[in-house]
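Overview (structure and organization)
One letter stands for each residue in the lines below.
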Amino acid sequence: MSTLFFRSRLSPLYLIASSLFLCASVFVWSGCDRTETVFVERPFYDSPPAAAVGFLGYDDQDVGLTVCGNCHVGQQAAWEGTAHAAAWEGLQASGHAQAFCENCHTAGPLGNPLTEAVGFAGTGDSRYHDVQCESCHGAGQQHVTNPDASQPIAAIGIGDLSDLANATSCAECHQGSHHPFAEEWAQSGHASVVGFAAARPECESCHRGQGALKSWGVKAEYAEKNSVDHLPITCAVCHDPHDATNEGQLRFPVESVSLEENLCAQCHNRRTVPDPSSSHGLAPHAPQAALLIGEGGWFPPGVQIEQGQIVASHGSVANRRLCASCHVSQFEVTDEVTGDFVFQATGHLFTAMPCVGPDGIPVTGDCELAEEARAYSGCATAGCHLTTTAAASAMIASSTSIEDRANELLAVLELVDPGLDESGGEIDAGDPTFTTAEGAFFNYNLATFGDDVYGSTAHNPFLTEALLIASIQVVEDTYGVSAASGIDYDVEMERILNAAPKDVIAIPQRTGEIRVQPISSRR
């Protein structure tokens, strides 16, 4: 009997099945008198063309097995579910495939620091179809030949933001008028690093790319992992290059209504209530998620509302994508005269209702709330408002009311403490005694977070206005001062409670928040 042993380039599951078959064969043939073992050596991979410059590509294109995947089984299996694994087919099925598109849909010089024609760009060989491992990690031949001698670790930094045309990593393909992810991201806050915060261990999980990945338990290697330089919140911080479990290959889902699981809430849920132990404790830090679910802010004693009672539709399960519905809104810009395509907004400015230029393209900065000045398309398509006009009208009306109430609260607080948060007065974050004025001042800061009232208006206008009114009342009662407006705040509170959505299903609350009640007045 002859028993064959061979080195295969097939998948591990196939190898297991083959091994079981061979074992069974040996058992059946064990009655034979003569046994001969024959070893048949096969190359681990087919040598790539010289023009590929060390790119290996597919081992078995029919089943989508990369050469890298023969060893990196887990990464291969996860990658197979991503859009990258079907990039070539997707291009061909698009109906507008052209030669200049191909380098972004194949393994070659785009997506990594290489600039020469390598992989598909150098050969045109179909073994390099799709965005494979080497698209980001670079040529694999040297590593396969001698694994200990080289480790082709991918970088997740974007490169020079002032020269995105020559960017590296994800931005090299995810840019241009049809998919300007990189251009929009580069203008967003995620592209900037606040150095002093990134350097603080207690802050790095949100202000430093390496810190965010570490806090989320990501153990994968990447070029910048141990760098002393602070990495911004780049594409691969939020998106997992190897895993398509969540929509958009995100590390946490955005369609989750649980703040423990939602991607944006991992960071945008900080100092949502006053913190007397902090010198910054009278200013919210990132209160957006808690405000959505009706949990953010200081609730004065005796107030008619409870935490979690006022939940706007934006913060209920009716808005399944939560933050992303408004902050990552995608829409197409066309020429008003010809109807021709102009720009595809990706939402990666991360600005809800972004301002738009004369051509309709979203821009950074501030502008008026008028419908023609901003893109309200996300408000209508998310299902919260029937039309963009209705959304703009609601935003203008609510923000005007909240701004009026915020100014009234500030006026009575100045009667109590003309210096406001300067040290030594009734509003002093450095004094451990927490006062009514400090709680009210926190609510003022919550309403005007970001130097205007637009954020609190969009996240939860009913709760914001209710907290402002309750704060005015408790400051008046505690300190014997009076607002000059002469408004009946009991009537106003009743109006708000009647206008607030009824029977909404609230989002599950995040636990562990510190709830602070006023202790005394320093007077």
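Report follows, based on the coordinates. Since the model is a prediction, treat every value here as computed from it, not as a measurement.

**Topic: unusual backbone geometry**
One non-glycine residue, Arg271, lies in positive phi territory at about 40 degrees. Its place among the elements puts Arg271 in the loop between α11 (235-238) and α12 (288-292). Even without being a glycine, Leu322 presents a positive backbone phi close to 50 degrees. With respect to the helices and strands, Leu322 occurs in the loop between α12 and α13 (323-327).

**A word on helix α19 (residues 489-499)**
Restricting attention to buried positions, one finds in α19 the residues Tyr489, Glu492, Met493 and Ile496. Viewed end-on, α19 has its buried residues packed into an arc of 100 degrees, placing them on one side of the element. In this structure, the buried side of α19 is in contact with α15 (388-416) and α18 (461-479). The opening residue of α19 is Asp488, an N-cap whose side-chain oxygen sits 3.1 Å from the backbone nitrogen of Asp490.

**As for the pairing of strand β6 (residues 341-345)**
In the sheet, strand β5 (residues 331-334) pairs with β6 via four bridges, with the strands oriented antiparallel. Bridge pairing in β6 links Thr334 to Phe341.

**Remarks on the packing of aromatic side chains**
Summed over the entire model, instances satisfying the criterion amount to five aromatic pairs. The interplanar angle of 55 degrees and the centroid separation of 5.5 Å between the aromatic rings of Trp88 and Phe120 together place this pair among those described as tilted. Placement of Trp88 in helix α3 (residues 87-93) and of Phe120 in helix α4 (residues 120-123) is noted, with a sequence separation of 32 residues between them. Comparing Trp88 with Phe120, the two get one shared label, buried.

Conventions and cut-offs
Residues numbered from 1 in each chain as written. Predicted model: local features only at pLDDT ≥ 70, side-chain atom pairs only at ≥ 80, totals over all residues. Heavy atoms only, no water. Helix = DSSP H or I, 4+ residues; strand = E, 2+ residues; numbered from the N terminus. Buried < 20%, exposed > 50% of the residue type's maximum accessible area, 1.4 Å probe, protein only. Arc of directions from axis to C-beta. Contact = heavy atoms within 4.5 Å. Polar contact = N/O pair within 3.5 Å; in protein donor to acceptor, adjacent residues only side chain to side chain. Pairing = 2+ DSSP bridges. Phe/Tyr/Trp six-rings, centres within 6.5 Å; stacked < 30°, edge-to-face > 60°.

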